[in-house]
Amino acid sequence: MSKFLWKGLLVSPAVLAASLVVSSTALAAEQPVEIAPVAQANQLELAGAAIEQAQPETAAVTAEPTSLATNLTVETIDKENLAATVTPVTQQTKAPENPVAADTSETQPAVAAADLSAQQPVAEEIPAVAPANTSATPPATPTNLSAEKPAAQPEEISQSTPPGTQPQAQSNLLEQINQYSAEDSEDAAGQVTSVSQLSDVRPTDWAFQALQSLVERYGCIAGYPDGTFRGNRAMTRYEFAAGLNACLDKVTELIRGGTGNLATKEDLASIQRLQEEFAAELATLRGRVDALEARTSELEANQFSTTTKLNGEVIFAVTGIAAGDDAEGREADRTTAFGSRVRLNFDTSFSGKDLLRTRLQVLNLGSFSTNNTKTAEGELRFNAGPFGEASNTVGLDALLYQFPLGKNTTVILEANAGAADDFTNTVNPYFDGDGGSGALSNFGTRNPIYYLTGGSGIALRHQFGEKLELSLGYLAGNAANPTRGNGLFNGSYGGLAQLTFKPSDSFAIGLTYVNSYNFVTGTGSNASNFPARLGSFGIDSDSNLPVSSNSYGAQASLKLGRRIALGGWAGYTNQRILSNLATPTGSVQRGDQKIWNWAATLAFPDLLKEGNVAGILVGMEPRVTSSTNRSLPEDKDTSLHIEGFYQFKLSDNISVTPGVIWLTAPDHNNDNSDLVIGVIRTTFTF
């Protein structure tokens, strides 16, 4: 076998390589391998080429190679360079007849190890090719071929792998990697914002094609955060600089990515001219951004809380009675008063959808009903309240937590001083500002039946689509008092249910039901607030006279155009005295009272200036129209409540509201002369 191999060496180096591989098993048993590193590497390269050519006709027996001593692995070699390198060898010998080694220029040879261990079979280091009918005889120990190998043969074979082959192969590999990277970048750059996402841009607009090119080709003009482009609005040079900078960043990104969809030379020249022209604006904009980032960092470092925001409302009010009698027929005191109401709201959110509100409040404006008018009619919304005394004591007012329950339901937990407007729509826009804006009086703020519930409890709002809402609430007046006759269920309470139908933004109607125990409205005549006003009827008693009531209300609001809105409500209460009360100065028997109230409103939003509101209200505060027995008081006359105001907006945070409240026949008694109350309210919000 060895003699046959050496004869093959005289025919062709290619035949020699094929023979070496085919007979590797037999040669391994004769002598160890001591081939010079360069010659052996070159021979093994040709052997690898012969192996790949012989795959269609022979069965390959391979093993995983170990690390190479020369540390070279070239997977991609240019075919033409390899063919040119092998040419000197093939010209000296005849073309081989063996098809296994016919053309080594079409293969990608691998460099094998230069130093093979004498203890391991050759098959573990070099892929070997055996004939189709090879036997299962295991390989023998490698033999020493260096003694019989001609001296000139390694030099001729080594010419097939010149030193320049490795750098050229690495260059080809880098070109392939760059090509794949360019394809990925091109796909990424194609994913730009579509011009159809801009809600105010239409294909008929004269600049549609230009905008489409910027959006879909470069992806650098995306409009404002609300999805609008605002193409008809004039822009500042700062805005242009910001848009230009975005385009420059996008073009730079595209160039860096090596995509084919790049800007043309004309585009780049135009951008360069624009960049030079607006260099000052770009520098100024960069400075402003840096300043904003510095301020933001400072605010974050010194912020009050990461979850809580503080907002407040301060009311300064000058008020007094211009003329008229009180409920007892005497001339009302005409003293002018100056007072205030301060509210600080700490609004906390833990998830972005919930709200924990903690309100601190200070009142120092006394009520007219206690000191002047002797009736709840005409009482102001922002003072100490009906028959209340003011002080400069800071107190905890509203304390509530609301959170979503599903997609359409909101739950409100009222821990202190809850009110109906916390969880329901009072359907009185432009008038219900809870004293800080809108109407000046308690009656003008909302339908009085809403005041028949308040305190602590639970409520929810559920949306049936966009047009119908259900509001439910239960509030107890003394929920925190654990004594007998108080608490969450044994003391005063009010339960409210309302359906609000809003078919459009300009029209809304609400249907309300309230069941209450030991609550009064704090508006209207003394008779309608009878359990709380026993002294005004000559009954001297500290005993609590229990009453229950069922109230029904309907409220509506209709906006006619942009600058006029109509509204109003009607309310009915059936109040029942639940026990008899006898005192040395009088007695009260069980019985029922029917109490009515109504109002009509007319508002003029944005009158003379955007943000201003003028309002006129005419109505009848709660009046007892009938009673089941003589011991229960009944209002014999009808008093009208007429109120007008004009809320003038000085700035986004300051508004001034002068207004007048006119009561005909105060306390629903024609014997009393008309009462006129003047108010100038200034509201600060922050």
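On a predicted model such as this, the values are computed, not experimentally measured, just so you know.

Criteria and thresholds
- Sequence order as written defines the numbering, with residues in each chain counted from 1.
- Local features in this predicted model are restricted to residues of pLDDT 70 or higher, and side-chain atom pairs are both shown and tallied only at a pLDDT of 80 or more, whereas totals for entire chains, interfaces and linings draw on every residue.
- Hydrogen atoms and water are omitted, and side-chain values are computed over all heavy atoms in the structure.
- Two rings from Phe, Tyr or Trp (for Trp, the six-membered ring) form a pair when their centres are within 6.5 Å of each other. A pair whose planes differ by under 30 degrees is stacked, one over 60 is edge-to-face, and the rest are tilted.
- Numbering of helices and strands starts at the N terminus; helices are DSSP runs of H or I of at least 4 residues and strands are runs of E of at least 2.
- Burial here depends on accessible area, computed with a 1.4 Å probe over protein chains only, as a share of the maximum for the residue type. Under 20% is buried, over 50% is exposed, and the range in between is partly exposed.
- For helices, the axis comes from a line fit to the C-alpha atoms of the stretch in contact; other axes are also lines fit to C-alpha atoms, and the angle between any two N-to-C directions lies between 0 and 180 degrees.
- Roughly parallel means an angle under 35 degrees; roughly antiparallel means over 145; roughly perpendicular covers 65 to 115; every other angle is labelled oblique.
- Every residue pair with non-hydrogen atoms within 4.5 Å of one another is taken to be in contact.
- Note that Gly is not counted as nonpolar here; it falls among the polar residues with everything else outside the nonpolar set of Ala, Val, Leu, Ile, Met, Phe, Trp, Tyr, Cys and Pro and the charged set of Asp, Glu, Lys and Arg.
- Here a helix's expected span is defined as the number of its residues, less one, multiplied by 1.5 Å.
- Only strands joined by at least two bridges in the DSSP assignment are considered to pair.

(A) The arrangement of the packing of aromatic side chains in detail. Following the criterion strictly, the structure yields 13 aromatic pairs and no others. Centroid distance F316 to F684: 5.4 Å. Interplanar angle 70°. Geometry classified as edge-to-face. Linking F316 in strand β3 (residues 308-323) with F684 in strand β20 (residues 675-685), this pair joins segments that are 368 residues apart in sequence. Of the residues examined, F684 reaches a relative accessible area of 27% and is grouped as partly exposed.

(B) Representation of the packing of helix α10 (residues 265-277) against helix α11 (residues 279-302) in the model. One way to put it is that α10 packs onto α11 with a least axis distance of 4 Å and a crossing angle of 65°. Put simply, α10 runs roughly perpendicular to α11. In this structure, α10 uses Q275, E276 and E277 to contact α11, whose residues at the interface are A279, E281 and L282. Taken together, the residues of the contact of α10 with α11 sort by class into two nonpolar, one polar and three charged.

(C) Layout of α11. Here α11 spans 35 Å end to end across 24 residues, near enough to the 34 Å set by a 1.5 Å rise per residue. Those residues of α11 that fall on the buried side of the exposure criterion are E281, L282 and L285.

(D) How the structure looks around the pairing of strand β10 (residues 493-504). Here nine bridges tie strand β9 (residues 468-476) to β10, and the two strands are oriented antiparallel to one another. Looking across to β10, one finds that L468 is bridged to F501. Looking at chain direction, β10 and strand β11 (residues 507-517) are connected through 10 bridges and run antiparallel. Each residue of the ladder has a partner; that of L496, found in β11, is V514. Remark: two residues form the turn of the hairpin made by β10 and β11, two consecutive strands paired antiparallel.

(E) Looking closely at unusual backbone geometry. Its identity is not glycine, yet N518 carries a phi of approximately 60°, on the positive side. Position of N518 relative to the elements: it lies in the loop between β11 and β12 (547-559). Unusually for a residue other than glycine, D606 sits at a positive phi of about 60°. Residue position: D606 is located in the loop between β16 (591-605) and β17 (613-627).

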